[in-house]
Amino acid sequence: MDMPPTVEDMTATISGTTSLTGQMLIAGTAVRGTGTEIRAFDPAAGQPLEPVYQHGDAGHVDAACAAAAGAFGAYRATSAEQRAQFLETVATNIEAISETLIARAVAESGLPQARLTGEVGRTTGQLRLFASVLREGSWNGARIDTPLPDRTPLPRPDLRQRFIPLGPVAVFSASNFPLAFSVAGGDTASALAAGCPVVVKGHDAHPGTSELVARAITDAVAASGLPAGTFSLLFGSGPDLGIALVTDSRIKAVGFTGSRSGGTALVAAAAARPEPIPVYAEMSSINPVFVLGGALATRGEELGRAFVGSLTMGSGQFCTNPGLVIAVDSPGLTTFVAAATEAVGNAPATPMLTPNIAGNYASGVDSLAAAADLVARGQQGGNETSCRAALFTTDAASFLKSEALQAEVFGASSLIVRCADTAEMRAVAQGIEGQLTATVHADESDLDEAGELLPLLELKAGRILFGGWPTGVEVSHAMVHGGPFPATSDSRTTSVGSRAIERYLRPVCYQDVPKSLLPSAIADGNPEHLWRRVDGQLTQD
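All figures in this text were calculated on a predicted structure; none of them were measured in a lab.

Structural notes on the overall build of the protein chain
Along its length, the protein chain carries 16 helices and 25 strands. Taken over C-alpha atoms, the radius of gyration comes to 25 Å for the protein chain, in line with the 24 Å a tight globule of 541 residues would show. In terms of principal-axis extent, the alpha carbons of the protein chain reach across some 75 × 65 × 40 Å. Taking all 541 residues of the protein chain together, the buried fraction comes to 54%. For the protein chain, restricting intrachain contacts to residue pairs at least 6 apart in sequence, the fraction spanning at least 24 positions comes to 75%. As displayed, the protein chain has an accessible area near 20900 Å², and 53% of this comes from carbon and sulfur atoms. If the 36 positive side-chain charges of the protein chain are averaged to one point and the 54 negative ones to another, these points end up 5 Å apart.

Structural data, given as C-alpha cells:
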C-alpha cells in the first residue's frame, strides 16, 4: 500500500484544508487505492469529476480492521462525556467546511443546494443528538438487583447489568444521501456513540464528499486524543471489498443502507462466518399509501397533487418514496387519479444520482409497464441520468398475484391499486411485504375503517403516518426508521433516532463483583446520577 510514513505528515497536509486528494483514510493515514479507478459523475452536467479515486484491496481492509480492533479497548474505555465532546467536534468540523462540502455534494449528486444544506444540518444534528443521549445516560441500561442473603431456600447474589459496545463496526454509505446516510451519517454516529470504532465503505457515487467528511472525522479523532483506528474510510466494490470487510473476524456488527440484493448478500456473508454477527440493513420499501373513501370524496384532487409532489421530490430517490397507493374504486378515486395524472405529466425531468441508477430506474419502469396500465409519464429529459416520472394503475387481484408489481422501483414511479371494497383494501394490506412506512389519509367519517386497518399496518411497517406523506424522516427520540423484511434485515431496530445506538450495544451482568471494580454506571452511590432500575424500580437514588 502507498502509505505516508506518519499520521503527523498526513495531518499536516490535509488538516484544515478542503482540497481533494483522491485518497482513502486508514486510521489517520492517507492511502492511495490499488484497484479499479472511480470518478464521481456530475449528473446535471453529464460529465465525470476529478480527482480519480481507486478501490481498496484486501490489504487495506486488513489494515483498517486491525487499526479498529487495536483502538477498541481504549475507545470503549472513554467516558460518555469524552465521546459526546468528540461527536460535537465532528459536527463543528463539518460545519466549518460546509460551503465546500455542499458544493461538492451538489456536483456529485445533482441534488439541489437547498436539499444538501438541509442534509448538512441533519448530519450535524444527528451527531449532537447522540452527544445528548450519551450525557443523559439511559443508554447504559443500568439495573441493580440488590443481594438477599437471607432468602430461602437460596440467597440471591448481588446482580448488576449494563450495556457495553459490541466492537468495531463496518458502515456502508448510501447512494441517495451523500451526507446524512453516509460517512458521518446515522450509522456512524450511533456506532461511535456506543463506543465502537468505525470502518466506512464510502459510496462510489460521491467519493469527494466522502473524503471531505472523513477528514473532518479524522481531525476530530486527533483533536480529541482518541486512537487513530477509531475511524477509517475505504472505497471498493460490494462483492469484493464489502464482503471482505463483513467477513473480517475483527468486525462485530454492520450498518448498511442500499439495495435488497446488496443487503441480503451482506446478511448471508455475516451469517456464514465462524462467528456470525448482526447486520442492520435498510433495503427495500414501496411505502404504501391508503386513501380512504371520505378523504377521497372531500379532497381527492388536492391529495392527488400532493402525492405527486412527494413522489417526484429528489427524483423519487428516497427510501420512503410513496411507490404504492391503495384505494377503493369510486368517483373520489377517479378525481385523485386525474389530478395525479396531470401533475405527473407536468413534472419536469430531473437528474438521478448516477447513470447506473437511472438505467435501473428505466428498467424498473419497463417492468411495471409490462404488468400494469401506464396512465402518465413526466416530461422527457435530455441527459443519460434524467428521471421521467411514471404513474401506473392496476386492480387488487392483479397486484396480489404479481411479484413484479410489489418490487421497489428506485425513482419517481408509483402504482395505484384500485380495490373493489374495503375488504379488498385490507387484503392488500395483509398481502404486502414489510415496509419502512405506511400512510393513511382519512377524514372523520373514515375513522372506523382506519381503526380496522391500523392493526394490519402495525404488522407491516415501522412507521405509520396519518396525513402527510412519508418522504422526510425526523431525527428524534421517537422515530423508527425500520420495519419487517425486506424493509430491513432486523425489524426490532431503527437506523434513525436515539434508539439507533442500541444496535451496537449488548448487555453484561455483573454478579458479586467487588465494589471497587464495578463500572461507574452500576456502582454504589450512583456517581453518574443516572436513572437506574434498582430492585425493579426506576430511580436516580
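Now that the structure has been shown, we can carry on.
Some details on the packing of aromatic side chains
Enumeration over the complete set of coordinates arrives at eight aromatic pairs. Arranged with centres 5.7 Å apart and planes meeting at 70 degrees, the rings of phenylalanine 177 and phenylalanine 318 form a pair that is edge-to-face. Linking phenylalanine 177 in the loop between strand 9 (169–172) and helix 6 (186–194) with phenylalanine 318 in the loop between helix 10 (293–312) and strand 15 (324–328), this pair joins segments that are 141 residues apart in sequence. Grouping residues by exposure puts phenylalanine 177 and phenylalanine 318 together as buried. A network of ring pairs unites the aromatic residues Phe177, Phe181 and Phe318 as a single cluster. The cationic tip of arginine 115 hangs over the ring face of phenylalanine 177; the distance from NZ or CZ to the ring centre is 4.5 Å. Across from the ring centre of phenylalanine 177, 5.8 Å away, lies the NZ or CZ of arginine 122, which sits over that ring.

Points about the domain arrangement of the protein chain
For the protein chain, the assigned domains are domain 1 (24–138 + 167–283 + 495–502) and domain 2 (288–466). Placing the centre of domain 1 and that of domain 2 at their C-alpha centroids yields a distance of 32 Å. Across the domain 1/domain 2 interface, buried area totals approximately 1200 Å², and carbon plus sulfur atoms make up 58% of it. If you sort the residues of domain 1 by the area they bury against domain 2, Phe41, Pro43 and Asn176 come out on top, with a joint share of 34%. The interface formed by domain 1 and domain 2 includes one salt bridge. When the shortest N-O distance is used, the salt bridge between arginine 260 and glutamate 433 registers 3.2 Å. Joining domain 1 to domain 2, the criterion identifies four residue pairs in polar contact (both at pLDDT 80 or more). For the side of domain 1 that touches domain 2, a count of residues per class yields eight nonpolar, five polar and four charged.

Observations regarding the nonpolar core
Phe86, Ile94, Ile217, Phe307, Phe336 and Val417 are the most contacted members of the largest nonpolar core, which totals 138 residues. Three or more residues apiece are contributed to this core by two domains, here domain 1 (24–138 + 167–283 + 495–502) and domain 2 (288–466). One finds Ala180, Phe181, Val473 and Val496 within the second-largest nonpolar core, a separate group that totals eight residues.

Description of the confidence of the model for the protein chain
Per-residue confidence for the protein chain averages 95 on the pLDDT scale, and 97% of its residues sit at or above 70. For residues 1–17, every residue scores under 50 in pLDDT, and the model assigns this stretch 26 contacts once sequence neighbours within four places are set aside.

Section: helix 8 (residues 238–247)
Within helix 8, the full set of buried residues consists of Leu241, Gly242, Leu245 and Val246. When helix 8 is viewed along its axis, its buried side chains cluster within an angular range of 130 degrees and face the same direction. Set apart from the buried face of helix 8 by more than 90 degrees, the exposed residues are Pro239 and Asp240. The inward-facing, buried residues of helix 8 abut helix 2 (58–76), strand 9, strand 10 (198–201), strand 11 (231–234), strand 12 (253–257) and helix 9 (260–271).

Here we look at the UniProt feature "domain: Aldehyde dehydrogenase" (unreviewed entry) in the protein chain
Listed under "domain: Aldehyde dehydrogenase" (unreviewed entry) in the UniProt record, and renumbered for this structure, are residues 34–473. When the span residues 34–473 is considered, its composition is 46% helix and 19% strand, and the gap between its end C-alpha atoms is 38 Å.

What counts, and at which threshold
Residues numbered from 1 in each chain as written. Predicted model: local features only at pLDDT ≥ 70, side-chain atom pairs only at ≥ 80, totals over all residues. Heavy atoms only, no water. Helix = DSSP H or I, 4+ residues; strand = E, 2+ residues; numbered from the N terminus. Rg over C-alpha atoms; globule rule 2.2 N^0.38 Å. Buried < 20%, exposed > 50% of the residue type's maximum accessible area, 1.4 Å probe, protein only. Contact = heavy atoms within 4.5 Å. Areas by Shrake-Rupley, 256 points an atom, 1.4 Å probe, with all protein chains shown as cover. Lys, Arg positive; Asp, Glu negative; His and termini not counted. Charge placed at Lys NZ, Arg CZ, Asp CG, Glu CD. Phe/Tyr/Trp six-rings, centres within 6.5 Å; stacked < 30°, edge-to-face > 60°. Lys NZ or Arg CZ within 6 Å of the ring centre and 35° of its normal. Domains from an automatic or database assignment. Buried area = accessible area lost by both parts, 1.4 Å probe. Salt bridge = Lys/Arg side-chain N within 4 Å of Asp/Glu carboxyl O. Polar contact = N/O pair within 3.5 Å; in protein donor to acceptor, adjacent residues only side chain to side chain. Nonpolar A, V, L, I, M, F, W, Y, C, P; charged D, E, K, R; others polar. Core = buried A, V, L, I, M, F, W, Y, C linked by side-chain atoms within 4.5 Å. pLDDT = per-residue confidence, 0-100. Arc of directions from axis to C-beta. UniProt positions renumbered as here; feature names shortened; annotations may be inferred.

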